[in-house]
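In case you want the letters, here they are:
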Amino acid sequence: NPRLLDSLATEMMNYPADSVLMGRAFFLKGLAATYSANAPLALRNFKESLLYLEPGIAYDERFNYEVVLKNLAIAYHRVGNAKSGDSSFLRLQELALAQKDSLKYALAIKGRANGLMNRQSFDSAAVLMREATLILQNLEYRGIASSYLSLGSIYGRIYQEEEALKWFRKALVASDLLPDKRMRARVYNNMAVALRALNEFD
């Protein structure tokens, strides 16, 4: 609920001496703006949140500098500032490398790949997405299905339907590990599009 998030954040701002609380407040305001489809406002709030936080500190399980930076990168892409979005994802890569965190490193690469895909730079996106996917695969990442699906989607965009189907089939197998079956439905939908392109209507 964006209104609830924004209201909660406003209450937090009554304690300006607590820098972490202020960082969290601006982060919540950024999320509220994101859920309200107001990317410019989300961008401003995520930038403000980062001013109160330090890299490498886990304030809690779901709130840290890197999480805010990831949301900032996505917001940059949503307002059409691809250069700053890519720069933010590169910064995430650097932080992950310094922290020797392979998962964060792979997810940062995946973020860059998604940015390239949104700009229709499909060949470059495919290279990065394959790199991220291989790392996540080696880590036995539970959410690997989304990476397989993204990679298949990229190949579908450059009319390599057979290659796309290979990754969609991997996504289908991996989706069995997820409690939410919406991923499985998305995979089937993408497989149907690829098969239609190959004239395999049956």
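Residues numbered from 1 in each chain as written. Predicted model: local features only at pLDDT ≥ 70, side-chain atom pairs only at ≥ 80, totals over all residues. Heavy atoms only, no water.

Attention now goes to the overall build of the protein chain. Each helix and strand in the protein chain was counted, giving 10 helices and 2 strands. In the protein chain, the succession of helices and strands from N to C terminus is α-α-α-β-β-α-α-α-α-α-α-α. Each principal axis of the C-alpha atoms in the protein chain carries an extent, and together these give about 65 × 35 × 35 Å. A buried classification covers 42% of the 202 residues belonging to the protein chain. In the protein chain, 45% of the contacts between residues at least 6 apart in sequence involve partners at least 24 apart. When the accessible surface of the protein chain is summed, it comes to about 11500 Å², and 52% of that surface belongs to carbon and sulfur atoms. Side chains of the protein chain give 26 positive and 21 negative charges; the mean places of these two sets differ by 2 Å. (Helix = DSSP H or I, 4+ residues; strand = E, 2+ residues; numbered from the N terminus. Buried < 20%, exposed > 50% of the residue type's maximum accessible area, 1.4 Å probe, protein only. Contact = heavy atoms within 4.5 Å. Areas by Shrake-Rupley, 256 points an atom, 1.4 Å probe, with all protein chains shown as cover. Lys, Arg positive; Asp, Glu negative; His and termini not counted. Charge placed at Lys NZ, Arg CZ, Asp CG, Glu CD.)

Summed over the entire model, instances satisfying the criterion amount to 5 aromatic pairs. Ring centres of Phe26 and Tyr52 lie 5.9 Å apart, and the angle between their planes is 15 degrees; this geometry places the pair in the stacked category. One end of the pair, Phe26, is in helix H2 (residues 19–35); the other, Tyr52, is in the loop between helix H3 (39–50) and strand E1 (58–60), and 26 residues separate them in sequence. Residue class for Tyr52 comes out partly exposed when judged on its relative accessible area of 27%. Considering the side-chain rings of Phe27 and Phe46, the 5.8 Å spacing of their centres and the 45 degrees angle between planes classify their relative orientation as tilted. Residue Phe27 is located in helix H2, and its partner Phe46 is located in helix H3; the two are separated by 19 residues in the primary sequence. (Phe/Tyr/Trp six-rings, centres within 6.5 Å; stacked < 30°, edge-to-face > 60°.)

We now examine the packing of helix H9 (residues 161–175) against helix H10 (residues 182–197). Between H9 and H10, the shortest axis-to-axis distance is 9 Å and the interhelical angle comes to 160 degrees. With respect to each other, H9 and H10 are oriented roughly antiparallel. The two elements H9 and H10 cross, and the hand of that crossing is left-handed. Contacts between H9 and H10 pair Glu161, Leu165, Phe168, Arg169, Ala171, Leu172 and Ser175 from the former with Met183, Arg184, Val187, Tyr188, Asn190, Met191, Ala194, Leu195 and Ala197 from the latter. When grouped by side-chain class, the residues that make up the contact of H9 with H10 number 11 nonpolar, 2 polar and 3 charged. (Axes fitted to C-alpha atoms, helices over the stretch in contact; angles between N-to-C directions. Parallel < 35°, antiparallel > 145°, perpendicular 65-115°, else oblique. Left-handed = near helix turned anticlockwise from the far one by under 90°. Nonpolar A, V, L, I, M, F, W, Y, C, P; charged D, E, K, R; others polar.)

Turning our attention to the nonpolar core. Ranked by size, the top nonpolar core spans 31 residues in total, and within it Ile154, Phe168 and Val187 carry the most contacts. Within the residue set of this core, elements represented by two or more residues are helix H6 (102–118), helix H7 (122–138), helix H8 (144–157), H9 and H10. The contact partners of Val187, leaving out residues within four places of it in the chain, are Leu149, Phe168, Ala171 and Leu172. Counting residues in each nonpolar core, the second largest holds 26 residues, with Ala9, Ala32, Phe46 and Leu50 among its members. (Core = buried A, V, L, I, M, F, W, Y, C linked by side-chain atoms within 4.5 Å.)

This brings us to H9. The first and last C-alpha atoms of H9 sit 20 Å apart over 15 residues, in line with the 21 Å expected at 1.5 Å per residue. Listed in full, the buried residues belonging to H9 are Glu161, Ala164, Leu165, Trp167, Phe168, Ala171, Leu172, Ala174 and Ser175. Buried residues in H9 make contact with H7, H8 and H10. (Expected span 1.5 Å × (residues − 1).)

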